[in-house]
Amino acid sequence: PLSDRVIARAVASACPVALVPCCHSLRKQPPPPPFTRSALEAAAAVLGQPAAIDGFRIASLRGRGYSIDLRHIPADISPYN
C-alpha cells in the first residue's frame with residue numbers, strides 16, 4: 001500500500017514523515033518489520049483492521065527511533081481518520 005511505501009522511503013532516507021493513511025486491508029498489508037502476519041491478523045481480530053495496521057506502523061516507526069505525534073481528522077471531514 002502507498003502509506004507503507006511512503007514510510008519505507010522515509011525510513012530508508014532517515015527523513016521525517018507525515019501521512020494520513022487510508023485503505024486498510026489485511027489482504028494487501030504486509031506486516032511492518034519486525035512483526036509477523038499472524039501477529040497483525042491477531043491484533044486485527046481484536047482491534048479491527050485499521051487500528052491494528054496503524055498501530056503496527058506506529059510501533060515499527062517507534063522501534064526505528066521515530067517520535068510519533070498522532071492526530072485525528074474530525075469525523076465530519078473523514079470518519080476513517
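The model shown is predicted, which means the values in this text are computed figures rather than measured ones.

All right, on to the pattern of salt bridges then. Considering all chains together, one arrives at four salt bridges under this definition. Note that Arg37 and Glu41 form a salt bridge whose closest N and O atoms lie 3.8 Å from each other. Of this pair, Arg37 and Glu41 both sit in helix α2 (residues 37-47), separated by four residues, roughly a single helical turn. Residue Arg71 is joined to Asp69 by a salt bridge in which the shortest nitrogen-to-oxygen separation is 3.0 Å. Considered together, Arg71 and Asp69 belong to a single accessibility category, that of exposed residues.

Moving on, we get to the side chain of Ser60. Take Ser60: it is sitting in helix α3 (residues 49-63). Assessed through its relative accessible area of 4%, Ser60 is described here as buried. If we ignore the near neighbours within four places in the chain, the residues touching Ser60 are Pro32, Pro33 and Phe35.

Before going further, it helps to examine a nonpolar patch on the surface. Judged by side-chain polarity, Leu2, Val6 and Leu19 come together as a nonpolar surface patch covering roughly 240 Å² of accessible area. Mapped onto the elements, Leu19 comes out in the loop between α1 (2-13) and α2.

You can see Arg57 is positioned in helix α3. For Arg57, a relative accessible area of 6% translates into the label buried. Only 2.9 Å separates the side chain of Arg57 from the side chain of Asp4, close enough to count as a polar contact. A distance of 2.9 Å separates a polar atom in the side chain of Arg57 from a polar atom in the side chain of Asp54. For Arg57, the residues in contact, after removing those within four places along its chain, are Pro1, Ser3, Asp4, Ile7, Pro21, His24, Gln29 and Pro32.

As a further point, take α1. Taking 1.5 Å as the rise per residue, α1 with twelve residues should run 16 Å; its terminal C-alpha atoms sit 17 Å apart, in good agreement. Taken together, the buried positions of α1 are occupied by Ser3, Asp4, Ile7 and Ala10. Considered in projection along α1, the buried side chains sweep an arc of 125 degrees and stay on one side of the axis. Away from its buried face, by an angle of more than 90 degrees, α1 presents the exposed residues Leu2, Arg5, Arg9 and Ala12. Residues of α1 that are buried sit in contact with α3. Ala14, located one to two residues past α1, shows a positive phi value of around 55 degrees.

The rules behind the values
- Residues numbered from 1 in each chain as written.
- Predicted model: local features only at pLDDT ≥ 70, side-chain atom pairs only at ≥ 80, totals over all residues.
- Heavy atoms only, no water.
- Salt bridge = Lys/Arg side-chain N within 4 Å of Asp/Glu carboxyl O.
- Helix = DSSP H or I, 4+ residues; strand = E, 2+ residues; numbered from the N terminus.
- Buried < 20%, exposed > 50% of the residue type's maximum accessible area, 1.4 Å probe, protein only.
- Contact = heavy atoms within 4.5 Å.
- Patch = residues over 30% accessible without salt bridge, like charges linked within 9 Å, V, L, I, M, F, W, Y side chains within 5 Å.
- Areas by Shrake-Rupley, 256 points an atom, 1.4 Å probe, with all protein chains shown as cover.
- Polar contact = N/O pair within 3.5 Å; in protein donor to acceptor, adjacent residues only side chain to side chain.
- Expected span 1.5 Å × (residues − 1).
- Arc of directions from axis to C-beta.

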